[in-house]
Amino acid sequence: MALASFLTSRLHHLLDPWQSATRKSRLRDYALQPGAFLPVVHIHPEALHCCEHSLCELLIDDAIRFHRRNAPRTGFRRRGVPTAMLLDMERYPTADSYLRAVSKRSHGNVPRAAKKAARLGITCAPIRPESYVASISAIGASKRFRSGGPVLSAWFHAKAATADTGEAPAPPPCPTHWTMAWGAFVQEESGPRLIAHLSLRRVGDLCRTHDIMCHGDYLRAGAMKLLFIETTRWLLDRQAPETQGLRWLMYGAMEHGSAGLHEWKRLMCFEPANLVVERPVAAL
């Protein structure tokens, strides 16, 4: 499973220069011309001396490497650089104000789909992915092609060696540098079963999504829409320590994935921008 995920990520990386051909048409969806200058967002990962946990430095270094390819460039090299899709959380003082914006842009379709999922008994909660290995493996194997491209784990699927344990997640050691996950569940006789999962990684004032997937049997039920809305609601409620001080939420790149995935990001109010991660200054 880990090897298939790695190979999938490498495949998507190799496709970047070809996917950049979609940039012109997708910029027009935001009333931007192909040569328009996009806003440059400066990400602040926080100074290292503010954190006491060793994982923080690793997450900061990973963010700097990951987002280096989003830095604004010109000329031929710019053709293969993905454009970040960002949600400016500062525009939405409450989760309800954000959901109203999503409802307006989607003509009410996204909230209706989420309400449908809730009526079907689908619930959402934070999860510890290591406790749902079997379910996550089944989710990955449920569709060979998705809006983001081919899923190699579905082609070379092997049944998980361990069953789900359902252990609850522990709070991250640092509130400004963490990786957390949420899941959507259906209730069965044997208990709740994971049918969708979404991971978040926060570094300073930026949080990005990764490893998002829903079981193919529940896509039409609105499970993914409900999960995304509930996760975003948690971020925008700004009640948990892990959500304090967040400014930006990133959802992949504008060029990546199908037209349907691009439209989904647009409906959820994400907009294209270039990123620059400010390297933190260590304590003297």
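Computed from a predicted structure; not experimentally measured.

Brief notes about the overall build of the chain
The number of helices and strands found in the chain is nine helices and ten strands. The proportion of buried residues among the 284 residues of the chain is 46%. Partitioning the intrachain contacts of the chain with sequence separation of at least 6 by distance along the chain shows that 77% fall at a separation of at least 24. Summed over its atoms, the accessible surface of the chain is roughly 15,000 Å², and 57% of this surface lies on carbon and sulfur atoms.

Section: the side chain of glutamate 255
One can find glutamate 255 in the loop between strand E9 (248–253) and helix H9 (259–267). We classify glutamate 255 as buried; its relative accessible area is 2%. Separated by 2.7 Å, the side chains of glutamate 255 and threonine 83 make a polar contact.

Re the side chain of threonine 231
Tracing the chain through its elements places threonine 231 in helix H8 (residues 223–237). Owing to a relative accessible area of 2%, threonine 231 belongs among the buried residues under this scheme. Contact partners of threonine 231, with chain neighbours within four places excluded, come to Trp182, Leu198 and Leu200.

Details of the nonpolar core
Membership of the largest hydrophobic core comes to 47 residues, with the highest contact counts inside it found for Tyr98, Ile122, Met268 and Phe270. What phenylalanine 270 contacts, discounting residues up to four positions off in sequence, is Tyr30, Met85, Leu86, Leu87, Tyr98, Phe228, Leu249, Met250, Tyr251 and Lys265. Membership of the second largest hydrophobic core comes to 15 residues, among which are Leu59, Leu86, Trp248 and Met250.

Here we look at the pattern of salt bridges
A complete count under the given rule lists eleven salt bridges for this structure. When the shortest N-O distance is used, the salt bridge between aspartate 88 and arginine 91 registers 3.9 Å. When its relative accessible area of 12% is taken as the criterion, aspartate 88 is described as buried. Measuring nitrogen to oxygen at the nearest pair gives 2.8 Å for the salt bridge that ties arginine 266 to glutamate 263. Within this pair, arginine 266 and its partner glutamate 263 are both found in helix H9, separated by three residues, close to a single helical turn. Relative accessible area serves as the criterion here: at 29%, glutamate 263 is assigned to the partly exposed category. Within the structure, one salt-bridge network assembled from shared partners comprises Asp88, Glu90, Arg91, Arg247 and Glu271.

Regarding the sheet that holds strand E2 (residues 84–88)
In space, the eight strands of this open sheet follow the order E1-E10-E2-E9-E8-E7-E6-E3, with mixed pairing throughout. Each end of this open sheet is capped by a strand with a single partner; those strands are strand E1 (40–43) and strand E3 (123–127). Mean inter-strand twist for the sheet, computed between neighbouring axes without regard to direction, equals 40°. For E1 and strand E10 (residues 271–277), the ladder comprises four bridges, and the chain directions are parallel. Bridge assignment links isoleucine 43 to a residue of E10, and that residue is valine 277.

Let's talk about the packing of aromatic side chains
Evaluated as defined, the whole model comprises eight aromatic pairs. Relative to phenylalanine 185, the ring of tyrosine 132 lies with its centre 5.6 Å away and its plane at 65°, an arrangement referred to as edge-to-face. Placement of tyrosine 132 in the loop between E3 and helix H6 (133–141) and of phenylalanine 185 in strand E6 (residues 177–188) is noted, with a sequence separation of 53 residues between them. An aromatic cluster is defined as three or more aromatic residues linked by ring pairs; in this entry it consists of Phe228, Tyr251, Trp264 and Phe270. Over the ring of phenylalanine 66 we find arginine 208, and its NZ or CZ is 3.8 Å from the ring centre. Stacked on the ring of tyrosine 251, the Lys or Arg lysine 265 has its end atom at 5.2 Å from the ring centre.

Looking at the packing of helix H5 (residues 109–119) against H8
Where H5 meets H8, the closest approach of the two axes is 8 Å, and the angle between their N-to-C directions is 105°. Classified by the angle between their axes, H5 and H8 sit roughly perpendicular to one another. Residues Val110, Ala113, Ala114, Ala117 and Ala118 of H5 pack against Ala223, Lys225, Leu226 and Ile229 of H8. Each residue belonging to the contact of H5 with H8 can be placed in one class, and the counts come to eight nonpolar, no polar and one charged.

Here is what the cut-offs are and how they apply
- Residues numbered from 1 in each chain as written.
- Predicted model: local features only at pLDDT ≥ 70, side-chain atom pairs only at ≥ 80, totals over all residues.
- Heavy atoms only, no water.
- Helix = DSSP H or I, 4+ residues; strand = E, 2+ residues; numbered from the N terminus.
- Buried < 20%, exposed > 50% of the residue type's maximum accessible area, 1.4 Å probe, protein only.
- Contact = heavy atoms within 4.5 Å.
- Areas by Shrake-Rupley, 256 points an atom, 1.4 Å probe, with all protein chains shown as cover.
- Polar contact = N/O pair within 3.5 Å; in protein donor to acceptor, adjacent residues only side chain to side chain.
- Core = buried A, V, L, I, M, F, W, Y, C linked by side-chain atoms within 4.5 Å.
- Salt bridge = Lys/Arg side-chain N within 4 Å of Asp/Glu carboxyl O.
- Pairing = 2+ DSSP bridges.
- Axes fitted to C-alpha atoms, helices over the stretch in contact; angles between N-to-C directions.
- Phe/Tyr/Trp six-rings, centres within 6.5 Å; stacked < 30°, edge-to-face > 60°.
- Lys NZ or Arg CZ within 6 Å of the ring centre and 35° of its normal.
- Parallel < 35°, antiparallel > 145°, perpendicular 65-115°, else oblique.
- Nonpolar A, V, L, I, M, F, W, Y, C, P; charged D, E, K, R; others polar.

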